[in-house]
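Remarks on the overall topology
Here is what each chain is made of, one letter per residue.
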Amino acid sequence: MCSQKSKCFGKHQTLITSRRHTIFKTRVGWMAIQGSNKGITRTCLPELTNDQCVSKINSWNIASIQDDLFLKDQTQKIQSYFDGDFADLNSIVIDTRNTIPFFETAWRYCRSIPIGETRTYKWLATNCGNSKASRYAGRAMAKNKLPIIIPCHRVIGSDGTLKGFGGSNPRLNLKSWLLDLERSAKYQYHAKTSDFVH
């Protein structure tokens with residue numbers, strides 16, 4: 001296992017990489033993000049420890065080296081988001097090359113959902129061009145490589161229930177907390193006034 005200050009490798013090791021990563025602390029835990037010269041390529045949900053983030057980076061199977069300065073702006077925006085201070089995460093450029101086209105479209109529409117609001121998987125599927133593809137829209141959310149930046153927590157079932165994050169741990173409590181955060185009076189004030197401060 002690599003340390004935070006060393007190179008991290010997945011199963012497919014390489015000595016040449018253009019990817020950079022950083023691990024940082026937020027109000028609700030440790031996070032890791034990885035990026036290329038074209039944008040952010042991966043994020044993980046908040047974890048309890050730094051070491052868990054290192055394990056996440058290794059599981060991404062893309063070699064990267066730590067570069068806190070390279071990812072400083074994105075890190076600060078994510079930290080501000082969790083602190084309840086308005087942060088425009090849509091301003092973070094993402095790199096989704098080599099992604100299934102339907103997934104890429106679903107992720108783009110997911111990012112269009114306003115802060116603190118929710119949409120259904122059917123809404124997402126319809127915007128992707130196939131109203132009958134709700135299950136595939138759900139799969140696109142489950143395969144989201146950029147949680148928080150792509151706010152899949154804002155996509156819910158047609159019956160209004162929250163569905164889990166992809167993977168073995170649904171973490172419904174985190175989804176609920178994120179929506180409560182976004183609906184807080186402080187966050188909504190900043191969200192509503194942001195259009196007037198450009």
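Preceding block: the structure.
Residues numbered from 1 in each chain as written. Predicted model: local features only at pLDDT ≥ 70, side-chain atom pairs only at ≥ 80, totals over all residues. Heavy atoms only, no water.

**What about the nonpolar core?**
As a rule of thumb, soluble globular proteins bury nonpolar side chains together. With 36 residues, the main nonpolar core has Ile78, Tyr81, Met141 and Ile148 as its most contacted residues. Of all the secondary-structure elements, those providing two or more residues to this core are β3 (29–36), α2 (72–82), α3 (101–111), α4 (121–127), α5 (134–142) and α6 (172–182). When residues in this core are grouped by element, the largest group, 5 residues, is from α3. Membership of the second largest hydrophobic core comes to 7 residues, among which are Ile23, Cys44, Val54 and Trp60. (Core = buried A, V, L, I, M, F, W, Y, C linked by side-chain atoms within 4.5 Å. Buried < 20%, exposed > 50% of the residue type's maximum accessible area, 1.4 Å probe, protein only. Helix = DSSP H or I, 4+ residues; strand = E, 2+ residues; numbered from the N terminus.)

**Notes on the pattern of salt bridges**
Inspection of every chain in the model, using the stated rule, returns 6 salt bridges. Residue Lys56 is joined to Glu47 by a salt bridge in which the shortest nitrogen-to-oxygen separation is 3.9 Å. When its relative accessible area of 14% is taken as the criterion, Glu47 is described as buried. The partner of Arg119 in a salt bridge is Glu117, and the shortest N-O contact between them spans 3.0 Å. Look at Arg119 and you get partly exposed, because its relative accessible area is 25%. Relative accessible area serves as the criterion here: at 35%, Glu117 is assigned to the partly exposed category. (Salt bridge = Lys/Arg side-chain N within 4 Å of Asp/Glu carboxyl O.)

**Some remarks on α3**
Buried within α3 we find Phe102, Phe103, Thr105, Ala106, Trp107, Cys110 and Arg111. Contacts from the buried residues of α3 go to α4, α5 and β7 (155–156). (Contact = heavy atoms within 4.5 Å.)

**Remarks on the environment of Gln34**
By the secondary structure assignment, Gln34 is in strand β3. C-alpha of Gln34 to C-alpha of Thr22: the two residues are 12 residues apart in sequence and 6.7 Å apart in space. When near neighbours in sequence (up to four residues on either side) are disregarded, Gln34 contacts Arg19, Arg20, His21, Ile40, Thr41, Arg42, Trp60, Ile62 and Ser64. At 3.4 Å, the side chain of Gln34 forms a polar contact with the backbone oxygen of Ile62. (Polar contact = N/O pair within 3.5 Å; in protein donor to acceptor, adjacent residues only side chain to side chain.)

**Some details on the environment of Asp67**
Here Asp67 shows up in the loop between β5 (64–66) and α2. Asp67 sits in the partly exposed class, given a relative accessible area of 24%. Along the primary structure Asp67 and Arg19 are separated by 48 residues, whereas in three dimensions their C-alpha atoms are 9.2 Å apart. Setting aside chain neighbours within four positions, we find Asp67 in contact with Arg20, His21 and Thr22.

**A word on the pairing of strand β2 (residues 20–26)**
Of all the 7 residues making up β2, 5 are buried; the element is thus mostly covered by neighbouring parts of the structure. As judged from the 7 bridges shared by β2 and β3, these two strands associate in the antiparallel manner. Across the sheet, residue Arg20 finds its bridge partner in β3, namely Gly35. The loop that links β2 with its antiparallel partner β3 comprises 2 residues. Sheet topology note: the β2/β5 ladder contains 2 bridges and is parallel. In the strand pairing of β5, Arg20 is matched with Ile65. (Pairing = 2+ DSSP bridges.)

**Things to note about the pairing of strand β4 (residues 39–43)**
Buried residues dominate β4, accounting for 4 of its 5 residues. Hairpin connection, β3 to β4: the antiparallel pair is bridged by 2 residues.

**With respect to the state of the cysteines**
Two cysteines whose sulfur atoms are joined by a covalent bond form what is called a disulfide. This structure, assessed with the given rule, holds 0 disulfides. Cys44 provides the cysteine sulfur closest to Cys53, a residue in no disulfide bond, and the two sulfurs are 4.1 Å apart. Judged by relative accessible area, which is 0%, Cys53 ranks as buried. Residue Cys128 stays outside any disulfide, its sulfur separated by 9.9 Å from that of Cys110, the closest cysteine. (Disulfide = S-S within 2.5 Å.)

By themselves, these are just geometric observations and shouldn't be taken as functional.
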